[in-house]
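These are the residues of each chain, in order.
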Amino acid sequence: MTKEQWAVDLAQNINPANIKLDESLQQYTMTKLGGKADVFVLPETEEEAIAVIRYAHINNIPLLMLGNGSNMVVRDGGMRGIVVTFSHLDKIQITGDHVYAQSGALIKDVSKLAAASSLTGFEFACGIPGSIGGAMAMNAGAYGGEIKDIIISSKVLTKEGDILILSKEELELGYRQSSIAKKGYYVLSSEFQLAQGVQEEIDAKIADLTFQRESKQPLEYPSAGSVFKRPPGHFAGKLIQDSGLQGKGVGDAEVSTKHAGFIVNKGNATASDYIATIEMVQRVVKEKFGIDLETEVKIVGDDL
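First, a word on scope: everything that follows refers to the structure included in this document. (Residues numbered from 1 in each chain as written. Predicted model: local features only at pLDDT ≥ 70, side-chain atom pairs only at ≥ 80, totals over all residues. Heavy atoms only, no water.)

Scanning the chain from terminus to terminus reveals nine helices and 18 strands. A compact globule built from 304 residues should have a C-alpha radius of gyration of about 19 Å, and the chain, at 20 Å, falls within 12% of that. Along the first, second and third principal axes, the C-alpha set of the chain runs to 55 × 55 × 30 Å. Sequence-distant contacts, at least 24 apart, represent 64% of the contacts inside the chain between residues at least 6 apart. Summing over all exposed atoms, the chain offers an accessible surface of approximately 13600 Å²; the carbon and sulfur share of this is 49%. Placing the 30 positive and 39 negative side-chain charges of the chain at their respective mean positions leaves the two points 5 Å apart. (Helix = DSSP H or I, 4+ residues; strand = E, 2+ residues; numbered from the N terminus. Rg over C-alpha atoms; globule rule 2.2 N^0.38 Å. Contact = heavy atoms within 4.5 Å. Areas by Shrake-Rupley, 256 points an atom, 1.4 Å probe, with all protein chains shown as cover. Lys, Arg positive; Asp, Glu negative; His and termini not counted. Charge placed at Lys NZ, Arg CZ, Asp CG, Glu CD.)

One can find Gln 217 in the loop between α7 (199-216) and β15 (223-226). Residues within four places of Gln 217 in sequence aside, it is in contact with Tyr 143, Lys 258, His 259 and Phe 262.

As a further point, take helix α1 (residues 3-10). Within the sequence span of α1, burial applies to Trp 6, Ala 7, Asp 9 and Leu 10. One face of α1 carries all of its buried residues, which in axial projection span an arc of 165°. (Buried < 20%, exposed > 50% of the residue type's maximum accessible area, 1.4 Å probe, protein only. Arc of directions from axis to C-beta.)

Scanning all chains against the criterion turns up three aromatic pairs. Geometrically, the ring pair formed by Phe 122 and Phe 192 is edge-to-face, given 5.2 Å between the ring centres and 65° between the ring planes. In this pair, Phe 122 sits in the loop between β8 (119-120) and α4 (132-138) while Phe 192 sits in strand β13 (residues 186-193), placing the two residues 70 residues apart along the sequence. Accessibility expressed as a relative area gives 1% for Phe 122, which makes it buried. Given the relative accessible area of 0%, Phe 192 is considered buried. (Phe/Tyr/Trp six-rings, centres within 6.5 Å; stacked < 30°, edge-to-face > 60°.)

In terms of nonpolar packing, the biggest core is built from 29 residues, with Ile 107, Phe 122, Ile 132, Met 136, Ile 147 and Phe 192 touching the most fellow members. For this core, the secondary-structure elements that each account for two or more residues are β7 (98-102), α3 (107-116), α4, β11 (151-157) and β13. Considering each element in turn, this core owes the most residues, four residues, to α4. Other than its neighbours up to four places away in sequence, Ile 107 contacts Phe 122, Ala 125, Ile 128, Gly 130, Ser 131, Ile 132, Ala 135 and Ile 147. In this structure, Leu 245, Ile 275, Met 280 and Val 297 belong to the second largest nonpolar core, which totals 25 residues. (Core = buried A, V, L, I, M, F, W, Y, C linked by side-chain atoms within 4.5 Å.)

Across the sheet, which stays open at both edges, the three strands sit in the order β15-β17-β16 with antiparallel pairing between neighbours. Edge positions in the sheet fall to β15 and β16 (253-255), since each of these pairs with one other strand and no more. When strand polarity is set aside, the average angle formed by the axes of neighbouring strands in this sheet is 20°. By the bridge criterion, three bridges tie β16 to strand β17 (residues 262-265) in an arrangement that is antiparallel. The residue of β17 that forms the bridge with Val 255 is Ile 263. (Pairing = 2+ DSSP bridges. Axes fitted to C-alpha atoms, helices over the stretch in contact; angles between N-to-C directions.)

Structure (structure tokens):
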């Protein structure tokens, strides 16, 4: 079947306005890099999301979940098959000290709404740019907090489009890992357990974390966030800094002079530039310190 036929078939269950052919992925990624998707789909309901997953499975069509595009680099040749994002599934609901959020809700928005309800435990996520779905897949964390500290359960789809409810234990959350990522599940929604807190203390903590983030991270440029996982016993940013790599890169991709753990797009970088800069950093750090830096960002797609 052709991509045009995929679009026609999907339109039987999904609003045709939310099905796009040859859609540039640059506008959907935080790096502002990447080629085109054969078919790009934005389901508006869980039923539509299920329909996309099942259609791709039944027809053996490659499927990529994009999320908020904050932890991903799409190669310049783009993506074959179907790219889907659940960004329209963004409902957030608070009942007592429980927070329910759909996959497409931004984790920083969930954090802010929880804080506005005087709930504590989610402050660490106030500056994380990703979606709940992506946060669940990688057990997102910052400033001493992680998703695993507050999660109750997640509603997910298998690759076949079947619904599962995974408990905290079944999610197998570890450092930047989960059963969601291991088994290729797609998150529909998650439920979190927080605690009643003191509003002034919550506000002060968020203000402090926001200041730390804005003063230390290169938010003025597009980037994929922290590029590398923390190697045991070390900090990736410190190793890169001590390797003298800040300000260096390929093309318009550059190791940030503000935070060495970030690689930024200075304006006209290609995905190939960005990936070549990642590889340069890995090579130099290995030569200087004998340490292999593993990417935290996911690199997907085809080369030109």
